[in-house]
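Okay, here's what each chain looks like letter by letter:
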Amino acid sequence: MGAALALLLAACGAAVPGEPPPVPVRVQQAAAQDKPLFTEYIAEIRAGSEVAVYPRIGGTIIARHFREGSMVRAGQVLFEIDAQEFASSRDAARAQLAASQAQAARANEDVARYEPLVAEDAIARQVFDNAVATAKASAAQVRAAEASLANAELTLSYGKVRAPISGRIGKAGASVGQLISPGQIELARISDASSLDVYFSPSEEEVLRYARIGEEERGNGASEIRLILADGTELPQTGAIDFADRAVDPTTGSYSLRAVFPNPGSMVRPGQFGRVRIQIQTRRDAVIVPDRAVTEQFGTYFVMVVGKDNTVEQRRVEVGAQASGDWIIEKGLEPGETVIVEGLAKVRPGAKVQPVPMGAEIPLPGAGDAGQAAAKK
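Residues numbered from 1 in each chain as written. Predicted model: local features only at pLDDT ≥ 70, side-chain atom pairs only at ≥ 80, totals over all residues. Heavy atoms only, no water.

A. Representation of the packing of aromatic side chains in the model. Considering all chains together, one arrives at 3 aromatic pairs under this definition. Here Tyr41 and Phe200 contribute two aromatic rings whose centre-to-centre distance is 5.7 Å and whose plane-to-plane angle is 25 degrees, an arrangement assigned as stacked. Of this pair, Tyr41 sits in strand 2 (residues 31-53) while Phe200 sits in strand 9 (residues 188-200), and the two are 159 residues apart along the sequence. On the accessibility criterion, Phe200 (2% relative accessible area) is buried. Plain terms: the ring middles of Tyr301 and Trp327 are 5.7 Å apart, the flat faces sit at 55 degrees to each other, and that makes the pair tilted. Of this pair, Tyr301 sits in strand 15 (residues 300-306) while Trp327 sits in strand 17 (residues 326-331); the two residues are 26 residues apart in sequence, bridging distant segments of the chain. Positioned over the ring face of Tyr199 is Arg46, at 4.3 Å from the centre of the ring. Directly above the aromatic system of Phe66 lies the positively charged group of Arg64, at a separation of 5.2 Å from the ring centroid. (Phe/Tyr/Trp six-rings, centres within 6.5 Å; stacked < 30°, edge-to-face > 60°. Helix = DSSP H or I, 4+ residues; strand = E, 2+ residues; numbered from the N terminus. Buried < 20%, exposed > 50% of the residue type's maximum accessible area, 1.4 Å probe, protein only. Lys NZ or Arg CZ within 6 Å of the ring centre and 35° of its normal.)

Here it is, written out as structure tokens:
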């Protein structure tokens, strides 16, 4: 029966099972290198300067001199408010000033006329002293009238509402013909987004951990802050922290920070959200492997190490931080050891493998030219 089975297998062209050939896998050596570590935070983006425009006087809006959503310049007239009553107050202040000036001129003339007479005892000293007192009082009345006129002119100027800064203006808060009161309605809001204020809030644990890291360990890039926008693009310009709150917020346990970014061309608009990326540390001579080389089982991490005889060993490791597609291995792996990066599902501990460096072509199955030709087919 055995001889008959062997003849049958031979007739069918089947090969007698033997030891399987080594499985080709992609491998990479664990490298010791300086690795920068980053952290990211949700960030709120605001304009570097933003001003709400309110009326300083009440009245009816008679004109609007801007297009909503356009760029305005500092000093540009935005609204005109009917200010006829304030013009009348100005005219009255002018008249009062003229009267005070005339009275002061007469008082000064009296002083000038009495001064030589009192020196010759031609008039009583009391008459001259009264004239001097009257001149001083008249001068004070002139100054008060000048102040009243300046105040009236200033109030009248508020009838033209001007832009306090240059920037992009939003939607108008009032329309022509609307009666408004001083300080009761926001007429418009202007944002100067040539620079950005970006607010983010690390936790108190992160603040403490960062404070314990020395300057040398933080690395040269620690002062550079990157802004990642909502679509995943990164702002080319780097930012710098210019404000740190005085205390941790007890309700959230977070610490408020602000970074300033240049925004040429005002490409980024206020009100957007993004992420800030900060380099918090540089690990010196850290053992690095690709994250694809590490597997996790019930909270324990492993790598498959290829020995000198191409035998696979499952190695338990302790991982540190994960950064830029790599794991930092704290324990269990030495620099220069070879780990499997691709093909982990095809191997088991103790199996023989055919290591192929990353980037190299994996050999086709079979042996010789016939095998290559068969594999291509």
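The structure having been displayed, the exposition proceeds.
B. Representation of unusual backbone geometry in the model. Even without glycine at this site, Asp121 takes up a positive phi of about 60 degrees. Secondary-structure assignment places Asp121 in the loop between helix 2 (84-119) and helix 3 (125-157). Relative accessible area serves as the criterion here: at 67%, Asp121 is assigned to the exposed category. A positive phi angle, close to 65 degrees, is found at Asn310, a residue other than glycine. Along the chain, Asn310 turns up in the loop between strand 15 and strand 16 (312-323).

C. Representation of helix 3 within the structure. For helix 3, which comprises 33 residues, the first-to-last C-alpha distance of 48 Å matches the rise-based estimate of 48 Å (1.5 Å per residue) to within 8%. All of the buried residues in helix 3 are Phe128, Ala131, Ala135, Ser138, Val142, Ala145, Leu149, Ala152 and Thr155. On its buried side, helix 3 packs onto helix 2. (Expected span 1.5 Å × (residues − 1). Contact = heavy atoms within 4.5 Å.)

D. The arrangement of the sheet that holds strand 8 (residues 179-180) in detail. Read from one edge of the open sheet, 4 strands run 6-5-3-8, paired in antiparallel fashion. If you trace the sheet from one side to the other, it starts and ends with strand 6 (160-162) and strand 8, each paired once. In this sheet, strand 8 lies alongside strand 3 (residues 59-64) in antiparallel orientation, the contact comprising 2 bridges. Across the sheet, residue Gly59 finds its bridge partner in strand 8, namely Ile180. (Pairing = 2+ DSSP bridges.)

E. Summary view of the packing of helix 2 against helix 3. Running from N to C, helix 2 and helix 3 cross one another at 160 degrees; their axes reach a closest spacing of 7 Å. One element, helix 2, and the other, helix 3, form an angle in the roughly antiparallel class. Crossing handedness for the pair helix 2 and helix 3: left-handed. Considering only residue class, the contact of helix 2 with helix 3 consists of 20 nonpolar, 11 polar and 7 charged. (Axes fitted to C-alpha atoms, helices over the stretch in contact; angles between N-to-C directions. Parallel < 35°, antiparallel > 145°, perpendicular 65-115°, else oblique. Left-handed = near helix turned anticlockwise from the far one by under 90°. Nonpolar A, V, L, I, M, F, W, Y, C, P; charged D, E, K, R; others polar.)

F. Seen up close, the confidence of the model for the chain. Predicted confidence across the chain gives a mean pLDDT of 87, with 88% of residues reaching 70 or more. With pLDDT under 50 throughout, residues 3-16 is counted as low confidence; its partners more than four residues away or in other chains account for 1 contact. Contacts from residues 367-377, a stretch scored under 50 in pLDDT, to residues over four places away or in other chains number 7 contacts. (pLDDT = per-residue confidence, 0-100.)

G. Expanded view of the nonpolar core. Counting residues in each nonpolar core, the largest one holds 21 residues, and the members touching the most others are Leu78, Phe79, Leu187 and Ile190. Among the secondary structure elements, those contributing two or more residues to this core are strand 5 (77-81) and strand 9. The element that contributes the greatest number of residues to this core is strand 5, accounting for 3 residues. Beyond its immediate stretch of four places on either side in the chain, Leu187 contacts Val53, Tyr54, Pro55, Ile61, Phe79, Val161, Lys171, Ala172, Gly173, Ala174 and Ile180. (Core = buried A, V, L, I, M, F, W, Y, C linked by side-chain atoms within 4.5 Å.)

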